[in-house]
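Report on the structure
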Amino acid sequence: MRNGLSVIGPDKPLLAIALALAVVLGLLETLLLYIVAAVAIAMSSGGLLVRLGPHAHAIEMPMDRACQLGLAAVGGLIVISFPLAKLMAALSWRAMIRLRTRILEAYLGASLQYRDSLREGSLQQLIGDYCLRAENVVQQLTLALVNLVMFVIIVAGAIVSSPEVALLLIASLAICTVLLSPVGRWLREDATKPTLTNREIVSRVAQAARVSTEIAAYHVERPVADMLNADIRSAARAMGRLRFEGRLVPNLFQYGTIGFVLILVSIVASIEPSYLAGLAPLALLLVRALASLRQVQRATHVAREIAPFVQAIEADLDALETHSWPAGEIDIDRFDTLGVRNLCYQYGAEETVLKGLHFVIRPGEVIGIVGPSGGGKSTLSALLLRLRLPTAGQVLVGDVPLEAVSAQSWSRLSAFVPQDSKLVFGTVRANIRFFRPGFSDDDVEAAARAAHIHDEIMRLPQGYDTQLGPGSRDLSGGQRQRLSIARALLGKPELIVMDEPTSALDSRSEKLVTQTLQELRGRTTIVLIAHRPTTLEVCDRIFEMDAGVLTERLAC
Ligand SMILES: Nc1ncnc2c1ncn2[C@@H]1O[C@H](COP(=O)(O)OP(=O)(O)OP(=O)(O)O)[C@@H](O)[C@H]1O
């Protein structure tokens, strides 16, 4: 209940309107059931007069009048069903939009440090499966509340019809609830287990998909499948237990209640049979009330089963939002020097990766950074790009600490070319533009020319309109890297950080990338993590990074 209401959030007024409609629906159904029972009694006794209403205060009317009244109630029920169904649907889809938007924004706004700690595929899982389940919680909760309201109204109608027997029914419902409460407790405990196991499965499947080529190359499909199958079986077993309990409890409840009622009616009949006169409407009302109650139980069972997903979303969202990335308050549109002073960085509680770095880069300089694997080069590049914040010391733009510079203005001034650049699903043009709508087609083409990829793009089947990305056409490693450089050059950045842009390239691609670097030299500040001597030839200065310590090696 609490989970569902938290997902419904600002739409609670819509829920209140839905419940108000359910009250009207309940009243109309009660009236209809009274009419049906009265008509049936009149028909069975062969009379044309219908006695309508509670036994003690029934009013008489002709059969055709009663049928017209019944038809009016049916019309009212049909008319009200439309806005009610629309409201219930609106509560679901609005909750879905709110949750998905909030998760996306929280994830994209969270710090890289925090995102490092997330399990593989967790964003996809939250946005996909978990949001669908949360939407289902809203559906089930509204369904349960609407049916509960109808149950209350119909039982109220039953109390008016025959207070003693109706109150006995309520007493028997209460006894069944108390007797079945331990089963409900087991149910709640079991409900979280399949959720947790499912999370593991999704994260392992995401991992298997990412390394699927390696799995085929090492021919380890069997052990990978065995590991996943073990998880699948354990989740299925927990789910099976939950389903069994879910089917059993409502049946026990319903049959138990009917059993109690029969016992009580037989006791009443043996003591004072006159109490049982005129119970036909009551019987109909009770059957309908039990059907509503069954719906409430089914909906609450499903809602309980998926409640852990909502709790997981809330916990993950809270964590993402508390680890949001500082936006920075100072906008800058150029920079003179980029320096680091006593710069240190540590991943979580692990060993310090960068140990008190000092250097200043002047505008237009090309700085090479070399050093053994694991020395801290990529970490330094993330700090220069403001993707991570120093654990001690500062990165300074002029004399402004980089963390005070707004993320937006720094992303306009700087650009990044990663070692393994990724394509997104879209045209070549969209891949170069990379979600930045302010650039014209001419800007895109100029960037591609500067990155020496234009001619190869023109040879593609649809040139700049060729579709690329996962599930579509791929490019060679060298072409991908130059497309990534075009992406970086599009915004005419003052600083480009390149993480081993030529390490995996053939000599022709390497030559073209080096040519781009030569052309940028003096105009754009470049921090170049590289190993190949031919790439390093363009550098003005080279630093060596080893075990988190930076030393200037030689001038080129
Ligand atoms: N997300 C992370 N969490 C914890 N430790 C990390 C993380 N990323 C990198 N490290 C550790 O930080 C150290 C520096 O890594 P970094 O990637 O900066 O080195 P590098 O010099 O760029 O290496 P390479 O040349 O192999 O790319 C390594 O010991 C690495 O294991």
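Residues numbered from 1 in each chain as written. Predicted model: local features only at pLDDT ≥ 70, side-chain atom pairs only at ≥ 80, totals over all residues. Heavy atoms only, no water.

Brief notes about empty space enclosed by the protein
- Counted according to the given criterion, the structure contains three cavities of 30 Å³ or more.
- In this structure, the largest cavity occupies an estimated 50 Å³ of space.
- Leu 383, Arg 388, Leu 389, Pro 390, Gln 394, Val 395, Pro 401, Leu 402 and Glu 403 together form the lining of the largest cavity.
- Partitioning the lining of the largest cavity into residue classes produces six nonpolar, one polar and two charged. (1 Å grid on protein atoms, 1.4 Å probe; cavity = no way out; pocket = protein on both sides within 12 Å on 5 of 7 lines; lining within 4 Å. Points joined across faces, edges and corners; volume = space filled by probe spheres on them. Nonpolar A, V, L, I, M, F, W, Y, C, P; charged D, E, K, R; others polar.)

Topic: the packing of aromatic side chains
- For the coordinates displayed, the defined rule picks out five aromatic pairs.
- Relative to Phe 435, the ring of Phe 434 has its centre 5.0 Å away and its plane inclined at 70°; by these criteria the two rings are edge-to-face.
- Given the relative accessible area of 68%, Phe 435 is considered exposed.
- A cation over an aromatic ring shows up here: Arg 115 above the ring of Tyr 107, its NZ or CZ 5.0 Å from the ring centre. (Phe/Tyr/Trp six-rings, centres within 6.5 Å; stacked < 30°, edge-to-face > 60°. Buried < 20%, exposed > 50% of the residue type's maximum accessible area, 1.4 Å probe, protein only. Lys NZ or Arg CZ within 6 Å of the ring centre and 35° of its normal.)

Observations concerning the UniProt feature "transmembrane region" (unreviewed entry) in the protein
- The UniProt entry lists residues 14–43, 69–93, 141–160, 166–187 and 248–269 under the feature "transmembrane region" (unreviewed entry), expressed in the numbering used here.
- Split by type, residues 14–43 is 100% helix and 0% strand. Its first and last C-alpha atoms lie 43 Å apart.
- Along residues 69–93 the backbone is 100% helical and 0% strand, and the end-to-end C-alpha distance reaches 37 Å. (UniProt positions renumbered as here; feature names shortened; annotations may be inferred. Helix = DSSP H or I, 4+ residues; strand = E, 2+ residues; numbered from the N terminus.)

Focus on the site of the ligand
- Near the ligand, the surroundings consist of 13 residues, among which Ser 373, Gly 374, Lys 377, Ser 378 and Thr 379 are the closest.
- A distance of 2.5 Å separates an oxygen atom of the ligand from a polar atom in the side chain of Thr 379.
- Surface burial for the ligand is 62%, taken as the share of its 630 Å² of free accessible area covered by protein chains.
- The element contributing the most residues to the shell around the ligand is helix α10 (residues 377–384), with three residues.
- Split into classes, the residues belonging to the shell around the ligand amount to three nonpolar, six polar and four charged. (Near = heavy atom within 4 Å. Polar contact = N/O pair within 3.5 Å; in protein donor to acceptor, adjacent residues only side chain to side chain. Areas by Shrake-Rupley, 256 points an atom, 1.4 Å probe, with all protein chains shown as cover.)

Structural notes on the sheet that holds strand β3 (residues 338–346)
- Read across the sheet, four strands follow the order β4-β3-β6-β7 without closing on themselves; strand pairing throughout is antiparallel. For this open sheet the edge positions go to β4 (352–361) and β7 (400–401), each flanked by a neighbour on one side alone.
- Of the pairings in the sheet, the one linking β3 to β4 comprises six bridges and is antiparallel in character. Residue pairing across strands places Gln 346 opposite Thr 352, the latter belonging to β4. (Pairing = 2+ DSSP bridges.)

Considering the side chain of Glu 456
- Of note, Glu 456 is situated in helix α14 (residues 454–458).
- With relative accessibility at 11%, the residue Glu 456 sits in the buried group.
- Within the local environment of Glu 456, its side chain forms a polar contact with the side chain of Gln 479, the two groups lying 3.2 Å apart.
- When residues no more than four places from it in sequence are discounted, the contact partners of Glu 456 are Gln 479, Arg 482, Arg 508 and Leu 512. (Contact = heavy atoms within 4.5 Å.)

Focus on the pattern of salt bridges
- The final tally for this structure, using the stated rule, is 21 salt bridges.
- Here Glu 29 makes a salt bridge to Arg 288, at a shortest N to O gap of 2.5 Å. A residue pair is termed long-range when its members are at least 10 positions apart, and Glu 29 in helix α2 (residues 12–44) and Arg 288 in helix α9 (residues 280–322) qualify at 259 residues.
- A network of salt bridges, in which partner residues are shared, links Arg 362, Glu 365, Arg 541 and Glu 552. (Salt bridge = Lys/Arg side-chain N within 4 Å of Asp/Glu carboxyl O.)

Some details on the nonpolar core
- By size, the foremost hydrophobic cluster in this structure holds 36 residues, and its most contacted members are Val 428, Ile 432 and Leu 528.
- Taken together, the elements giving at least two residues each to this core come down to β5 (366–370), β8 (414–417), α12 (428–433), α13 (441–450), α15 (477–490), β11 (495–499), α16 (507–520) and β12 (525–529).
- Per-element accounting of this core gives the leading share, six residues, to α15.
- Setting aside anything within four residues of it in sequence, one finds Ile 432 in contact with Val 444, Ala 448, Ile 457, Tyr 464, Leu 483, Ala 486, Arg 487 and Leu 490.
- Counting 32 residues, the second-largest nonpolar core is a separate cluster that includes Phe 335, Leu 354, Leu 384 and Val 395. (Core = buried A, V, L, I, M, F, W, Y, C linked by side-chain atoms within 4.5 Å.)

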